[in-house]
Amino acid sequence: MKAILDRARSFKRRVDFESGEYRKLAEGQYPEVLFITCSDSRVIPALITGARPGEIFELRNAGNIVPPYGSPGAGSPGASGEAATIEYALEVLGVQDIVVCGHSHCGAMGALKSGDDLSALPGVDAWLQLARPELAPVLTTASDDPSLPDVAQGNVVNQLAVLRTYPVVRQRLDGRRLRLHGWYYEVDTGQVHELEGDGRFRVHSG
Ligand SMILES: [Zn+2]
């Protein structure tokens, strides 16, 4: 923690906060995209995309899961970080693109695949249960690849489907004011695989 704290304390000195870019941030945020991804420390949206402060609105949790609209915890009505963040991004910030980004070697996907007893982690168990039923077909057929591409990619597809059940998302999709994107990021290679219309993930070299 010490190194992290030291870097935080010196951040202001290391960055040119007198520049116009940073001063402009005080006027408001105009992010282009809502980026939904895992809490995993190896997945850094700004690093992957080269985004600057103000460009990406992030929603992160274990396994990049979108709770089904109206489910317990999803908050309709009620409190849910996910529902609130999605609503704010679309209704207030006017974001027109949402990325759901899964990743390789994901601990949440690993727990789902292994079927381990999670009774000692009741919070994790209950959370992953939101994704488990829809992922069941993939969990039984997934390859033995330890990076779990099949499970993580299947989960991205499923979470995009859940997103479409949110009224605020559906309305914008119907009005062609919103685009949904599925990504799968390999933490050990840096490759971004993009979900295409045929349901497959492909790498496009930049
Ligand atoms: Zn993860």
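Scope of this entry: the structure provided in the associated data block. (Residues numbered from 1 in each chain as written. Predicted model: local features only at pLDDT ≥ 70, side-chain atom pairs only at ≥ 80, totals over all residues. Heavy atoms only, no water.)

### Observations concerning the packing of helix α8 (residues 132-141) against helix α9 (residues 149-163)
Put simply, the test is: Angles here are taken between N-to-C directions and fall from 0 to 180 degrees, while the axes themselves are lines fitted to C-alpha atoms, restricted in helices to the stretch in contact. The helix count covers DSSP runs of H or I at least four residues long, the strand count covers runs of E at least two residues long, and both are numbered beginning at the N terminus. Angle categories: roughly parallel below 35 degrees, roughly antiparallel above 145, roughly perpendicular from 65 to 115, and oblique for all the rest. Here is the rule for handedness: rotate from the far helix to the near one, and if that takes an anticlockwise turn smaller than a right angle the crossing is left-handed, while a clockwise turn gives right-handed. In this description, contact between two residues means that some pair of their heavy atoms is separated by no more than 4.5 Å. Under the scheme applied here, ten amino acids are nonpolar (Ala, Val, Leu, Ile, Met, Phe, Trp, Tyr, Cys and Pro), four are charged (Asp, Glu, Lys and Arg), and all others, including Gly, are polar.
Interaxial distance between α8 and α9 falls to 9 Å at its minimum, and their mutual angle equals 150°. Considering the angle they form, α8 stands roughly antiparallel to α9. Taken as a pair, α8 and α9 cross one another with a handedness that is right-handed. Between α8 and α9, the residues in contact are Glu134, Leu135, Val138 and Leu139 and Asp150, Val151, Gly154, Asn155 and Asn158, respectively. Along the lines of polarity and charge, the residues of the contact of α8 with α9 split into four nonpolar, three polar and two charged.

### Description of the sheet that holds strand β5 (residues 192-195)
Worth spelling out the cut-off: What makes two strands pair is DSSP finding at least two bridges between them.
Spatially, the six strands line up as an open sheet ordered β2-β1-β3-β4-β5-β6, and their pairing is mixed. The open sheet has two free edges, formed respectively by β2 (56-61) and β6 (201-203), since each of these has just one partner strand. Strand after strand, the sheet turns through a mean of 30° between neighbouring axes, direction not considered. Strand direction decides the pairing type here: strand β3 (residues 97-103) and strand β4 (residues 179-185), joined by seven bridges, are parallel.

### Focus on the packing of aromatic side chains
Note the cut-off: Ring pairs are drawn from Phe, Tyr and Trp, using the six-membered ring of Trp, whenever the two centres fall within 6.5 Å, and their geometry is named by plane angle: stacked under 30 degrees, edge-to-face over 60, tilted for the rest. For the exposure calls, accessible area comes from a 1.4 Å probe over protein chains only, and a residue counts as buried if that area is under 20% of its type's maximum, exposed if over 50%, partly exposed in between.
What the rule picks out here adds up to five aromatic pairs. Measuring from centroid to centroid gives 4.5 Å for Phe17 and Tyr22, while their planes differ by 50°, and the two rings are tilted. Taking relative accessible area as the criterion, Tyr22 reaches 17% and is therefore assigned buried. Considering the side-chain rings of Phe35 and Trp183, the 5.6 Å spacing of their centres and the 80° angle between planes classify their relative orientation as edge-to-face. A residue pair is termed long-range when its members are at least 10 positions apart, and Phe35 in strand β1 (residues 33-38) and Trp183 in strand β4 qualify at 148 residues. Taking relative accessible area as the criterion, Phe35 reaches 1% and is therefore assigned buried. The structure contains a cluster of three or more aromatic residues connected by ring pairs, namely Phe11, Phe17 and Tyr22.

### Quick notes on the coordination of the zinc ion
For clarity, the cut-off: Here the term donor refers to an N, O or S atom within 2.8 Å of the metal (or 3.2 Å for Na, K and Ca), and because water is left out of the atoms, sites may appear incomplete.
At 2.0 to 2.2 Å from the zinc ion lie its protein donor atoms, namely Cys38 (SG), His103 (NE2) and Cys106 (SG). In the primary sequence, the donor residues of the zinc ion line up as C-x64-H-x2-C. One end of the pair, Cys38, is in strand β1; the other, His103, is in strand β3, with 65 residues separating them in the sequence. Taking relative accessible area as the criterion, Cys38 reaches 5% and is therefore assigned buried. Residue classification places His103 among the buried residues on the basis of a relative accessible area of 1%.

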